[in-house]
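Descriptive structure summary
These are the residues of each chain, in order.
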Amino acid sequence: MLHVTLRQLRVFDAVARQLSFTRAARELHLTQPAVSMQIKQLEDRAGLALFEQIGKRIFLTEAGHEMQRYGRSIARQLDELGTVLDGLRGLKSGRLAISVASTANYFAPQLLAAFWRRFPAITVSLDVTNREALLRQLAENEVDMVIMGQPPQGLSLTLESFAENPLVVIAAPDHSLATARRIPLKRLQRETFLMREHGSGTRIAMERFFAHKGITLTTGTEMSSNEAIKQAVGAGMGLGIVSLHTLELELQAQRLKVLDVQGFPIVRHWYVVHPEDKRLSASGLAFKGFLLEEAAKLMRTAHAAPSLKRL
Ligand code: PGA
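These notes cover the structure that comes with them.

Right, let's get into empty space enclosed by the protein. Tallying each qualifying case throughout the model produces one cavity of 30 Å³ or more. The space that makes up the largest cavity amounts to roughly 160 Å³. For the largest cavity, the lining is made up of 19 residues, of which Ala101, Ser102, Ser200, Gly201 and Thr202 are closest to its centre. Residue assignment for the lining of the largest cavity shows that the elements contributing at least two residues are α6 (131–139), α7 (201–212) and β11 (266–275).

Rendered as structure tokens:
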């Protein structure tokens, strides 16, 4: 068996990434001779040179490449072991940073509350933001995962859908179409629609849907929140298209009406998304598992069932 220490492997990985003893020393808060010494010992154990110097630059040798490959796999295994042990300790502590699209704000706190009842020792932070900010947070690896309805194409992301996200047409209860049955899509062309802001997932889905059906809508004021759209629709400024998840209170209080339009609801999905190569922490894995197994059920009870009956 090869007698190397984890410390040697860690120092080696830093030098192999930086291709510089000086930069590796800075990264590890060590002196350069200390780094050189660790590498020298590792090379002695390996019986082969791990770096070669050409001019002023250093490169990995073939043995160096192998050492890097196996070293990383050992580090991954240790990480995984940490995650498994966290799990065995019963997730006694941990942090979780989640970001959600603005519409998901209508159910995310309830889901987090249910998760927190199961894992009270995990501290959760929730950021409610727009799609653009979500994409930046994913790119910068700032959060454990995000919840969104319109994941981007072509990026290296893992996306899993955990619940339906039906979009419906809403009107004030005294609107002339409020009691009409099976309203043809074309009839909507005679109405004015209040629009969510550019970049909203709801808006992207709605525009795609009508473009696909060859229908051009008359659009009125643009508003950057579901609340504003609902208020304006309730005040008779026009029709709106929102996720059914945003409507629980208004439907209960009969302040808004879901119109019975042919082709509606537009059924979309909620996705939990993180970079493909992200190594989720134990709390991250627990939350993702919870979303995939429990969220649809909880959301059906809280939102969709009572509201859908009114469709
Ligand atoms: P949003 O919701 O419209 O608030 O961005 C996300 C989505 O439905 O995709």
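That covers the picture; the talk isn't over yet.
Now for the packing of aromatic side chains. Going through the model one piece at a time under the given rule, you end up with twelve aromatic pairs. Between the aromatic rings of Phe209 and Phe210, the centroid separation amounts to 5.2 Å while the plane-to-plane angle is 85°, which identifies the pairing as edge-to-face. A residue is classified by how much of its surface remains accessible, and Phe210, at 3% relative accessible area, is buried.

Moving on to the environment of Gln262. Relative to the assigned elements, Gln262 resides in the loop between β10 (257–258) and β11. Residues Gln262 and Gln231 lie 31 residues apart in sequence; the distance between their C-alpha atoms is 24 Å. Setting aside anything within four residues of it in sequence, one finds Gln262 in contact with Arg182, Ile183, Pro184 and Leu185. In terms of polar contacts, Gln262 uses its side chain to reach the backbone carbonyl oxygen of Arg182, at 3.1 Å.

This part covers α6. Looking at α6, one finds that the buried residues are Arg131, Ala133, Leu134, Gln137 and Leu138. Down the axis, α6 shows its buried residues gathered within 160° of arc, on one side only. Exposed and facing more than 90 degrees away from the buried side of α6 are Glu132 and Ala139. At its buried positions, α6 is contacted by β3 (94–101), β4 (122–129), β5 (145–148), β6 (157–171), α7 and β11. Asn141 sits one or two positions beyond α6 and adopts a positive phi of about 55°.

Within the secondary structure layout, Asp13 lies in helix α1 (residues 6–18). What Asp13 contacts, discounting residues up to four positions off in sequence, is Gln68 and Arg72.

Criteria and thresholds
Residues numbered from 1 in each chain as written. Predicted model: local features only at pLDDT ≥ 70, side-chain atom pairs only at ≥ 80, totals over all residues. Heavy atoms only, no water. 1 Å grid on protein atoms, 1.4 Å probe; cavity = no way out; pocket = protein on both sides within 12 Å on 5 of 7 lines; lining within 4 Å. Points joined across faces, edges and corners; volume = space filled by probe spheres on them. Helix = DSSP H or I, 4+ residues; strand = E, 2+ residues; numbered from the N terminus. Phe/Tyr/Trp six-rings, centres within 6.5 Å; stacked < 30°, edge-to-face > 60°. Buried < 20%, exposed > 50% of the residue type's maximum accessible area, 1.4 Å probe, protein only. Contact = heavy atoms within 4.5 Å. Polar contact = N/O pair within 3.5 Å; in protein donor to acceptor, adjacent residues only side chain to side chain. Arc of directions from axis to C-beta.

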